[in-house]
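Next come the chains, spelled out residue by residue.
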Amino acid sequence: MRDFLPEEAHLMKFIEDKARRVAQLYGYKEVITPVVESYELLSAKAGEEVRSRMFVFKDLGGRDVALRPEFTASVARLVATVLRNEAKPLRLFCVGSIYRYDEPQRGRYREFWQSNYELIGSTKPEADAEILLLTDSLMKGAGLLSCAFKIGHVGVLRGIFDQEGIKDDAQSRAMQLMDKKQYDDAFRVIRETGMTARGLQTLERLVQLRGKDVKGVAKEMKDCVRDYGKAVSAVENLEEILELVSRSRTTLDVTVEAGFARGLEYYTGMIVEVYVPDLNIALGGGGRYDRLIELFGGEPTPAVGIAHGIDRIMLGLQEQKTALKVEEEKSVVIVPISPSLIGDALRLAQLLRTGGVHVEVEAMRRKTSKALEDANRKGVDFAVIVGEKELKEDAVALRDLRKREQKAVKIEKLVETIRQV
Ligand code: HAM
């Protein structure tokens, strides 16, 4: 877990603002869920990888609770309970801190921030396509020059496993290993389930299939899984989603990966991760999960969503050395030249703040020259020097700290003058 000093905190908040803006642009309403929730809820379909990394403890009431390792379970809980009668589709957005006891390394922290979007109530491919498009909007909006999508479909692997009669827990174990690219171990687990030679061959061929020629890869996938009806439908679903993205005239850099799996266990359909070329870590991940809400006692409700790692987007921006295009407000320090004028300094500061100007008041009663030297060092734009003589004329001395120029300005014109310079 880390501290964020002002410059980094500023960048984090900038990305958070962009995420909130994307939520507004796509019609997602923000909800705020608790950091601590029941362990049972959070662990239900988190998958072994996330489950084993949760911060779990007993609260003073003896309940097993945990720090949230993601938002999706909390949102599914809301949809299964208080929001159960809400008209669908529901578009919900969350942003906040997430906790996983991951091995710390570059871009991998134990406390990190996610922006999370869930589209609830639709089985249709346009819902999945929307999740891809909004991710592209966020990455571009945050200032990333490029990003690449890795896309797959859980239904392809599960379709084969189901038809081969492989139990759910073995499926999940194999897919967890595939998620970590440990294909040899994954195939060992699969072989132990007694899968047929045909099934094994299909899987072995399938995990080799990947590429940017979306239509070509999909065609090969369909050919590869042609004996498995549900897997064929899954590929067709993936084709429809990507066709809709393409028809939205948004160009995404997509690689379809047939053997792509994700650690979280609740996925049932399309799955996605997003990367930037220079960083080998995912900046976002998500997918379709059509059965989680009913698992939490709600009506059977399809859903699709994604979460983005705000810390990692920040890393991506730092990697690109993208200068932040943030409109910096002018900054002002107010310096009373004697203690008897402190009240006037406070009054003028309030006046300027009402006009939207960022103001600090000299709070250490230093000599004017010392206070100005300090303001200069900190890069403050202007000093308002409050003196008896000028106040009698309803004026102050306004000093441009960069140009080292000073002039008397009427108080009533102060906000306007600062804004115009
Ligand atoms: P996830 O892939 O586990 O998905 O996490 C989403 C994103 O959170 C990752 O792509 C990454 O950017 C960021 N992230 C994960 N772990 C860390 C870490 N230790 N340090 C920094 N950043 C990290 C989910 O959480 C799902 N709930 C997404 C989802 C929403 N699926 C459906 N709806």
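Calculation criteria
- Residues numbered from 1 in each chain as written.
- Predicted model: local features only at pLDDT ≥ 70, side-chain atom pairs only at ≥ 80, totals over all residues.
- Heavy atoms only, no water.
- Near = heavy atom within 4 Å.
- Polar contact = N/O pair within 3.5 Å; in protein donor to acceptor, adjacent residues only side chain to side chain.
- Areas by Shrake-Rupley, 256 points an atom, 1.4 Å probe, with all protein chains shown as cover.
- 1 Å grid on protein atoms, 1.4 Å probe; cavity = no way out; pocket = protein on both sides within 12 Å on 5 of 7 lines; lining within 4 Å.
- Sits in = over half its atoms within 2 Å of the grid points.
- Helix = DSSP H or I, 4+ residues; strand = E, 2+ residues; numbered from the N terminus.
- Pairing = 2+ DSSP bridges.
- Axes fitted to C-alpha atoms, helices over the stretch in contact; angles between N-to-C directions.
- Parallel < 35°, antiparallel > 145°, perpendicular 65-115°, else oblique.
- Contact = heavy atoms within 4.5 Å.
- Nonpolar A, V, L, I, M, F, W, Y, C, P; charged D, E, K, R; others polar.
- Domains from an automatic or database assignment.
- Points joined across faces, edges and corners; volume = space filled by probe spheres on them.

Student: Hey, could you run me through the site of the ligand in this one?
Tutor: Near the ligand, the surroundings consist of 27 residues, among which Glu 70, Thr 72, Asp 102, Tyr 109 and Tyr 267 are the closest. Measuring from a nitrogen atom of the ligand, one finds a backbone N or O atom of Ile 306 at 3.4 Å. Between an oxygen atom of the ligand and a main-chain N or O atom of Gly 309, the distance comes to 3.3 Å. Here the ligand has 660 Å² of accessible area as a free molecule, and 96% of this is covered by the chains. Under a 2 Å grid-point criterion requiring more than half of the atoms, the pocket assigned to the ligand is the largest pocket. Take the shell around the ligand: its biggest share by element is six residues, from strand E11 (residues 279-288).

Student: How should unusual backbone geometry be read in this particular structure?
Tutor: As a rule of thumb, non-glycine residues mostly have phi less than zero, and peptide bonds are mostly trans rather than cis. Between Lys 88 and Pro 89 the backbone carries a cis peptide bond, its omega angle lying at 0°. Among the structural elements, Pro 89 can be located in the loop between helix H4 (72-80) and strand E5 (90-99). Although it is not a glycine, Lys 181 adopts a positive phi angle of roughly 65°. For Lys 181, the location among the structural elements is in the loop between helix H7 (168-179) and helix H8 (183-192). The phi angle at Arg 249 is positive, at roughly 60°, despite the residue not being glycine. As for its placement among the helices and strands, Arg 249 is situated in the loop between helix H11 (229-247) and strand E9 (253-257).

Student: Just checking my understanding: could you explain the sheet that holds strand E2 (residues 36-38) for this structure?
Tutor: One open sheet accounts for three strands, arranged E2-E4-E3; its pairing is antiparallel. The sheet terminates laterally at E2 and strand E3 (56-58), the two strands that pair on one side only. Neighbour-to-neighbour, the strand axes of this sheet turn through a mean angle of 40°, independent of strand direction. Bridge analysis of E2 against strand E4 (residues 64-67) gives three bridges, and the strand direction is antiparallel. Across the sheet, the residue bridging to Glu 37 is Ala 66, located in E4.

Student: I'm lost on the packing of helix H6 (residues 154-163) against H11 in this one. Help?
Tutor: Each packed pair of helices is defined by two parameters, the angle between the axes and the distance between the axes. Look at H6 against H11: their axes get within 7 Å of each other, and the N-to-C directions meet at 170°. Here H6 is positioned roughly antiparallel relative to H11, judged by the angle of their axes. On H11, the residues that touch Gly 155, Val 156, Gly 159, Ile 160, Asp 162 and Gln 163 of H6 are Gly 229, Lys 230, Ala 231, Ala 234 and Val 235. Within the contact of H6 with H11, the residues separate by chemical class into five nonpolar, four polar and two charged.

Student: Help me understand the domain arrangement of the chain in this model?
Tutor: Often, the extent of an interface is quoted as the loss of accessible area upon association of its parts. Domain boundaries in the chain define domain 1 (6-319) and domain 2 (331-420). Computed from C-alpha atoms alone, the centre-to-centre distance between domain 1 and domain 2 is 53 Å.

Student: Whenever I open this one, empty space enclosed by the protein confuses me. Can you help?
Tutor: Gaps left between atoms are located by rolling a probe of water-molecule size over the structure's atoms. Enumeration over the complete set of coordinates arrives at two cavities of 30 Å³ or more. Looking at the largest cavity, its volume works out to about 80 Å³. Forming the walls of the largest cavity are Val 154, Arg 158, Ser 172, Met 175, Gln 176, Arg 262, Gly 263, Leu 264, Glu 265, Tyr 267 and Ile 271. If you list the elements that add at least two residues to the lining of the largest cavity, you get H6 and H7. The biggest single contributor to the lining of the largest cavity is H7, with three residues. The residue makeup of the lining of the largest cavity, split by class, is five nonpolar, three polar and three charged. The space that makes up the second largest cavity amounts to roughly 30 Å³. Phe 161, Ile 166, Ala 170, Gln 171, Ala 174, Val 189, Ile 190 and Thr 193 are the residues that line the second largest cavity.

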